[in-house]
Amino acid sequence: MSIAKWSVSKIDAANYCKMRYYLKYIDPNRPKPARLSAYVKGSLLHESIENLWKKNGTPEESNKKKNGKRYYDAESFAKYIQGKWTSIIIADEKAKEKIEWSNENEKWFIRSQLESICKGLYSSLINEGPPIYSEIPFSFVVKKWNLNGRIDEIRKKDGKIIIRDYKSGRPWMGEMKLDYSPQLTLYNIAVGAICFGNEEFARKLSMGEKRKRFMGNPIWANQDFQLELYMTDSFYIPKDAKTTAANPIHKTIRKNEHFFMLLKMIEETEYAVQKGNISPDWGRKCDSCDMKHPCKGTLDNINKPYLEKKTGQRFFDFAIPSFLKSNPPPVQEEQLKLRLRKRFVAKKLKSID
Ligand code: SF4
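Below, the structure is looked at part by part. (Residues numbered from 1 in each chain as written. Predicted model: local features only at pLDDT ≥ 70, side-chain atom pairs only at ≥ 80, totals over all residues.)

A short note on the nonpolar core
Okay, step 1: Of all hydrophobic cores here, the largest spans 40 residues; its most connected members are I163, L186, Y187, I189, A190, V191 and C195.
Okay, step 2: Going through the elements one at a time, α1 (8–16), α2 (18–26), β5 (145–157), β6 (160–167), α8 (182–197), β7 (225–231) and α10 (256–274) are the ones with two or more residues in this core.
Okay, step 3: The element contributing the most residues to this core is α8, with 10 residues.
Okay, step 4: With residues up to four places along the chain from it excluded, the contact list for C195 reads F201, A202, L205, M207, R211 and F214.
Okay, step 5: If you look at the next biggest cluster of nonpolar residues, it comprises 12 residues, including Y71, I81, I117 and F235. (Core = buried A, V, L, I, M, F, W, Y, C linked by C-beta atoms within 7 Å. Buried ≥ 20, exposed ≤ 12 C-beta atoms within 10 Å, placed from the backbone. Helix = DSSP H or I, 4+ residues; strand = E, 2+ residues; numbered from the N terminus. Contact = placed C-beta atoms within 7 Å.)

Side note on α2
Each α-helix winds once per 3.6 residues, and so residues spaced three or four apart point in a common direction.
Okay, step 1: Residues K18, M19, R20, Y21, Y22 and L23 constitute the buried set of α2.
Okay, step 2: Those residues of α2 that are buried lie in contact with α1, α10 and α11 (292–301).

Concerning the site of the ligand
Okay, step 1: Around the ligand, the surrounding shell holds 14 residues, and the nearest of these are C17, R20, C286, C289 and C295.
Okay, step 2: At the level of elements, α2 and α11 are the ones that each hand at least two residues to the shell around the ligand.
Okay, step 3: Ranked by residue count, the leading element in the shell around the ligand is α2, at 3 residues.
Okay, step 4: Each residue belonging to the shell around the ligand can be placed in one class, and the counts come to 10 nonpolar, no polar and 4 charged. (Near = placed C-beta within 6 Å. Nonpolar A, V, L, I, M, F, W, Y, C, P; charged D, E, K, R; others polar.)

Re the environment of W85
Okay, step 1: Among the secondary structure elements, W85 is positioned in helix α5 (residues 74–94).
Okay, step 2: Here W85 falls in the buried class, since 21 other C-beta atoms lie within 10 Å of it.
Okay, step 3: Remark: the alpha-carbon pair of W85 and K41, spanning 44 residues in sequence, is separated by 8.0 Å.
Okay, step 4: Ignoring anything within four residues of it in the chain, the contact list for W85 reads L44, I110, R111 and L114.

The following block contains the structure:
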């Protein structure tokens, strides 16, 4: 039995839109994703959180850039990250693949926005203290799939194990994203899988003998793990605003059934690709999709004569409506006329009756 690799990013793409998954991971032409400004900002913030503890020092250390220290308080952290952003803007001027800004002033708008985001982020994280683990890799096999990826952070708070994922972008959190996102589901199972295979890791998370019950024995999703989506951009929203968007942390849990649905989604995506049953699912979400340019190209292939594929699905033949494909053979013009004539005569006879 061959094992198919499914990373968190693959699952995320398939969950967002099957066409996006196809273009990113299956299309033999490997179309390039767009460098959208939101993604560039997201990577910078992600990297900053990951390195926060390493680069945080005393004023003296950071002034002398000693031991890799670069900041010592919220203000110096914000300045440092804003400086990084300016370097990205400058590098982009000469870059071959340019960042796509949503408007002319966006780069400067983000720069000023980073000040409040970074100040809030620094204070909040310093207040919480460092996590037990960060950027934890995982890889395990369930049925015919290898599931793999990285978890942003694992923390322990008030005796609870917290699995945290940092997200940048619009900080408004919907109940469906929070309670059903397959990414968080996979993180829950993954922590169980690591505990199952690593006694020391399980001990650190106070899982002890319970670890043997993970990986479907009978626990897949441990409801005692608290899952968190941490919205970095919430610090841009005034604290007195009466909206949940001003709150960075959103908590949820998962149960086994979430995981079964995730496996079903993977299976259905594989089946759809195998059958060539993939088509664009255009809508509001497309504006923030990094595969939108190659995706637009599929429109030009619809209704073109069916191109016999030589290798795989080179000609996007999955996008051709099935009635235009040669298997089953297309209805010939003469046959079509005959069929329409028969229908017309039948209708006439019926009206005479
Ligand atoms: S542009 Fe829209 S339909 Fe096309 S791949 Fe992206 S999300 Fe899917």
